[in-house]
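Residues per chain are reported as follows:
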Amino acid sequence: MKKKNEYIIITITIIFSIIIGIISNDIIIGSLILSTGILCAYYASLGKRINYILGFINYILMAYVSLKNNLYGMVCFYTFIFAPLQIRGFISWNKKLDDNKNVKVRGFTLKNSILITILCILSSLILGYLLSLIPKQQLSLLDATSNCINLCGVILMILRFRESWWIWLINNIIDLIIWIIIFINNGNNSFMMLLTSIAYLLINIYGIIKWNIKAKEELK
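Conventions and cut-offs
- Residues numbered from 1 in each chain as written.
- Predicted model: local features only at pLDDT ≥ 70, side-chain atom pairs only at ≥ 80, totals over all residues.
- Heavy atoms only, no water.
- 1 Å grid on protein atoms, 1.4 Å probe; cavity = no way out; pocket = protein on both sides within 12 Å on 5 of 7 lines; lining within 4 Å.
- Points joined across faces, edges and corners; volume = space filled by probe spheres on them.
- Nonpolar A, V, L, I, M, F, W, Y, C, P; charged D, E, K, R; others polar.
- Helix = DSSP H or I, 4+ residues; strand = E, 2+ residues; numbered from the N terminus.
- Expected span 1.5 Å × (residues − 1).
- Bend = angle between axes of the 7 residues up to and from the residue.
- Buried < 20%, exposed > 50% of the residue type's maximum accessible area, 1.4 Å probe, protein only.
- Phe/Tyr/Trp six-rings, centres within 6.5 Å; stacked < 30°, edge-to-face > 60°.
- Patch = residues over 30% accessible without salt bridge, like charges linked within 9 Å, V, L, I, M, F, W, Y side chains within 5 Å.
- Areas by Shrake-Rupley, 256 points an atom, 1.4 Å probe, with all protein chains shown as cover.
- Salt bridge = Lys/Arg side-chain N within 4 Å of Asp/Glu carboxyl O.

A. The layout of surface pockets, seen in detail. By volume, the second largest pocket amounts to about 250 Å³. Here the residues of the lining of the second largest pocket are counted per class, giving 8 nonpolar, 4 polar and 1 charged.

As structure tokens, then:
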């Protein structure tokens, strides 16, 4: 039954992405970004390693679109940090699978939460200032904040912490704001990036629910 549901979700995602790609005249890059983004988040919520393969493809494509929209912080993070981390994540998860080939979930303390919050704020401010020095850079602070929070979420996901989903929820909201602004200003491939951000937000909420349930089951 689970396999059947999985195939249904894959089919619906691909068909939906192609239809939106045709409507928005962004059939190749846009459809691939939307489909790999949705399926990456979906498989991550299930604790499946394949999410890292899809994530690698998705980050490379998003780096390309970010470059076309002068979001240089995202270009650097997607290309040189997030994409390579997908390889690291796949290897790490491969060593921590349960009998059902799903990853084992972890959780952390309030002290960890406070430390991560401080690090995200400081790194966002510093990177935001540095990005503002680049000619034609858009939305420096939002770009920086999105990347710093996303990086934190990626690392925590690799380490199998369920709190990564809460951090990504914040990042999803910031990304949504960024691409709404870019879309309003008629940015390149912005419509598909906007839809991807909305899809990420919805699946992120699903991921929070799934990983909390999984964590409770593993503590029994």
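There is more to say, and it comes next.
B. Here's a closer look at helix 4 (residues 72-94). Given a rise of 1.5 Å per residue, 23 residues ought to cover 33 Å, and the 32 Å separating the end C-alpha atoms of helix 4 matches this to within 8%. At Y78, helix 4 is bent by approximately 45°, the largest bend along its length. Residues of helix 4 that are buried include every one of G73, M74, V75, F77, Y78, F82, A83, L85, Q86, G89, S92 and W93, and no others.

C. Region of interest: the packing of aromatic side chains. The full count for this structure, using the stated rule, is 10 aromatic pairs. Relative to W93, the ring of Y52 lies with its centre 5.0 Å away and its plane at 85°, an arrangement referred to as edge-to-face. Within this pair, whereas Y52 is found in helix 3 (residues 50-68), its partner W93 is found in helix 4, the two being separated by 41 residues in sequence. Take Y52 and W93: they sit in the same class, and that class is buried. Here Y59 and Y78 contribute two aromatic rings whose centre-to-centre distance is 5.5 Å and whose plane-to-plane angle is 35°, an arrangement assigned as tilted. Here Y59, found in helix 3, pairs with Y78, found in helix 4; they are 19 residues apart in sequence, far enough to count as distant. Assessed through its relative accessible area of 2%, Y78 is described here as buried. One aromatic cluster is present, built from ring pairs that chain together Y52, W93, W165, W168 and W211.

D. Region of interest: a nonpolar patch on the surface. The grouping of I50, I53, F56, I57, I60, I87 and I91 at the surface amounts to a nonpolar patch, some 570 Å² of accessible area in total. For the nonpolar patch, the elements supplying multiple residues, two or more each, are helix 3 and helix 4. Broken down by element, the residue count for the nonpolar patch peaks at 5 residues, all from helix 3. Among the structural elements, I91 can be located in helix 4. With relative accessibility at 42%, the residue I91 sits in the partly exposed group.

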